[in-house]
Number of protein chains: 2
Amino acid sequence: MRPGIDVEVHEVGPRDGLQSIPTVFTTEAKLAWIRAEAAAGVAEIEVGSFVPPKLLPQMADAAEVVARAREIEGLTVSALVPNFKGATNGFAAHPHKLNYVLSVSEAHNQSNVRRSVQESLDDFARIIDYRNADPQLRDIVVASGVATSFGCTISGPVPVADVMRVAEGLLARGADELAVADTVGYGNPRQVKALFTELFATIGSDVSVVAHFHDTRGLGLANVTAALEAGVRKFDASLGGLGGCPYAPGATGNIVMDDLVFMLESMGLRTGVDLDRLLEAREIMETSLRGEPTHGAYAKAGPPKGFVPASAVAE
Amino acid sequence: MRPGIDVEVHEVGPRDGLQSIPTVFTTEAKLAWIRAEAAAGVAEIEVGSFVPPKLLPQMADAAEVVARAREIEGLTVSALVPNFKGATNGFAAHPHKLNYVLSVSEAHNQSNVRRSVQESLDDFARIIDYRNADPQLRDIVVASGVATSFGCTISGPVPVADVMRVAEGLLARGADELAVADTVGYGNPRQVKALFTELFATIGSDVSVVAHFHDTRGLGLANVTAALEAGVRKFDASLGGLGGCPYAPGATGNIVMDDLVFMLESMGLRTGVDLDRLLEAREIMETSLRGEPTHGAYAKAGPPKGFVPASAVAE
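Small disclaimer: the values here were computed from a predicted structure and weren't measured.

Procedures and definitions
Residues numbered from 1 in each chain as written. Chains lettered and ligands numbered in written order. Predicted model: local features only at pLDDT ≥ 70, side-chain atom pairs only at ≥ 80, totals over all residues. Helix = DSSP H or I, 4+ residues; strand = E, 2+ residues; numbered from the N terminus. Buried ≥ 20, exposed ≤ 12 C-beta atoms within 10 Å, placed from the backbone. Contact = placed C-beta atoms within 7 Å. Nonpolar A, V, L, I, M, F, W, Y, C, P; charged D, E, K, R; others polar. Pairing = 2+ DSSP bridges. Axes fitted to C-alpha atoms, helices over the stretch in contact; angles between N-to-C directions. Core = buried A, V, L, I, M, F, W, Y, C linked by C-beta atoms within 7 Å. Arc of directions from axis to C-beta.

**Side note on the overall build of chain A**
What chain A contains, in helices and strands, is 13 helices and eight strands. Principal axes of the C-alpha set define a box for chain A whose edges measure 55 × 40 × 40 Å. Across the 315 residues that make up chain A, the buried fraction comes to 55%. Within chain A, residue pairs in contact and separated by at least 24 positions form 73% of the contacts whose partners lie at least 6 positions apart.

Here's what the structure looks like:
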């Protein structure tokens, strides 16, 4: 956490948003977005993923985007990898942080990366070993997503004990951070508060934990409120909620970055993000869309009269 | 609270929603909506307001709607009145509950009902006296809205002490219930939890208190989560979030009834509402719209796989 910040927000739209829409952003369009959002004060951005271009042509330029995003001062550049092969490509591009991901649900993990959960844990151990064996890679933080932590589109409810087991398995293998994800927008505030409370009790409150929510059923910010109550201070989100697609039930949007920042700042929690400049970044991102909808209420309604963001008070 | 219910939801769309959109629903269209939503299990519906038809032609049939809605078994029928004159008309129609409203903000109250807050409190005392003087009216519950409790479009922030003073003033004059309202969608979860906590400490936890949120800046359900933490168990909402209008900044939608019920039921809180039948009621309501948008994520996404509503467990 940077000094003067109460809650850290991570932009994941250039990865999670862009992988869910038909329009392919050019490399320049991605970088214009990333630069504008970094300038608004967002300190960490997941800029792409290392997956076969055949599967996700949107991510074919990940190495170049990582390299050029790294030139932005003060920005933590992360990238997602689904397996060992992707990780070796990811390490070669040298982001600040590599985000591995596996699903707690066996069925979802098989469907997503064609591996059992145990095999994905084994892969994660190889990734950590690969980094640790190479002095030039040791500065790269390796995080892991813990997907389907709140339910699964294939197998339904996911036991909390399974989430704890996977979280402990990842930490035992050397994960520097966990991103506990409601991949398909199944979570509710009671469940969120209970799960994060149990997680911190299980793994300790000093582990870096990010909450990753989707707004599929409208509960995204309510879940953030519940996660805050449980002690979470890092959240993923996507500018304009990019990625929500009414035609593809599986491709649902992250919570809206602009609304998230407004909520946190109005609650007196400093994010270090300037809302006006964030909306400018949103407009820059939107110029590259080809009819895909964006989301968010703050961008339409504007600030309440007399609103003073927490970050502005601190300055 | 009815037996077997943990949280009570009140539909306000036939009043708060319809007053904010250009389309005028016919009396039959209103009743079809009200009947369908009552059949889904919503136990209280604000069916209209007693205001000059010149100002709000949408509400000209309020007396007839009240009379016919009262024929629906088990439904609590409420209607809004802004002043003493409206209240006498309201009493004549004999709803189960009359909802008076005044604003904590002087500027907003002047703009809304052309009275000082003190004058509105005096009016409320006359309304209570009027009811108490007539044995035939004594079964009518008189509630009051406490509008702009979380901020005002004219004067900005509203001091919590003012909210407490108005709430106590209403109770001292005989209010049976308070509906504490974020009239313009200014509230945030921290503020909501703090205000309701202080309110219950001030007026006691046995007073019937309803929270009335608008989703203007996307924080509606997050604010519900915070209000639940503070002990609130009654919420206003509008089916499909009717009333949100992107062309009129002042006319912003209530929180979405369907999403609210989904959230509460998924949290294990029984509302007594059947979500499938609620969506049927939504479709009935939507057939009368002329291009006005509705809102809500649950109606698009449907239930999570394996979802069991709390009310279904209880049956």
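More follows now that the structure is in view.
**With respect to the interface of chain A and chain B**
At the interface, 36 residues of chain A touch 36 residues of chain B. Here the side of chain A that touches chain B gets five residues from one element, more than from any other, and that element is helix H9 (residues 220-230) of chain A. Of the residues assigned to the side of chain A that touches chain B, the class counts are 18 nonpolar, twelve polar and six charged.

**Side note on the sheet that holds strand S5 (residues 141-147) of chain B**
The pairing of strands in a sheet comes from backbone hydrogen bonds and takes either a parallel or an antiparallel form. Residues and elements named next belong to chain B. Strand order around the closed barrel formed by eight strands is S1-S2-S3-S4-S5-S6-S7-S8, with parallel pairing between neighbours. For this sheet, the mean angle separating the axes of adjacent strands, direction not counted, is 25°. Looking at chain direction, S5 and strand S6 (residues 177-182) are connected through four bridges and run parallel. Its bridge partner being in S6, Ser-144 is matched across the sheet by Leu-178.

**Focus on the sheet that holds strand S4 (residues 97-103) of chain A**
Residue and element names in this part refer to chain A. Sheet architecture is closed into a barrel: eight strands sit in the order S1-S2-S3-S4-S5-S6-S7-S8, paired in parallel fashion. Adjacent strand axes in the sheet meet at a mean angle of 25°, parallel and antiparallel pairs treated alike. Bridge count for strand S6 (residues 177-182) against strand S7 (residues 208-213) is six bridges, and the pairing is parallel. When the bridges of S7 are listed, Ala-181 appears paired with His-212.

**Topic: the nonpolar core**
Counting residues in each nonpolar core, the largest one holds 186 residues, and the members touching the most others are Tyr-100, Val-146, Val-224 and Leu-260 of chain A together with Val-146, Val-224 and Leu-260 of chain B. Sequence-distant contacts of Val-224 of chain B, that is, excluding residues within four places in its chain, are made with Ala-222 of chain A together with Phe-213, Phe-235, Ile-255, Leu-260 and Met-263 of chain B.

**Digging into helix H5 (residues 106-113) of chain B**
Residues and elements named next belong to chain B. Of the positions making up H5, those classed as buried are His-108, Asn-109 and Val-113. Down the axis of H5, the sector holding all buried residues measures 100°, keeping them to one side. For H5, the elements touching its buried residues are strand S4 (97-103), helix H6 (117-133) and S5. Positioned one or two residues after H5, Arg-114 has a phi angle of 55°, which is positive.

**Structural notes on helix H4 (residues 84-93) of chain A**
Residue and element names in this part refer to chain A. Inspection of H4 places Gly-86, Ala-87, Gly-90, Phe-91 and Ala-93 among the buried residues, and these make up the whole buried set. On an axial view of H4, the arc spanned by its buried residues comes to 155°, and they lie on one face. Looking at the packing, one finds that the buried side of H4 touches helix H3 (62-69), strand S3 (76-81), S4 and helix H6 (117-133). Positive backbone phi, approximately 60°, marks His-94, located one or two places after H4.

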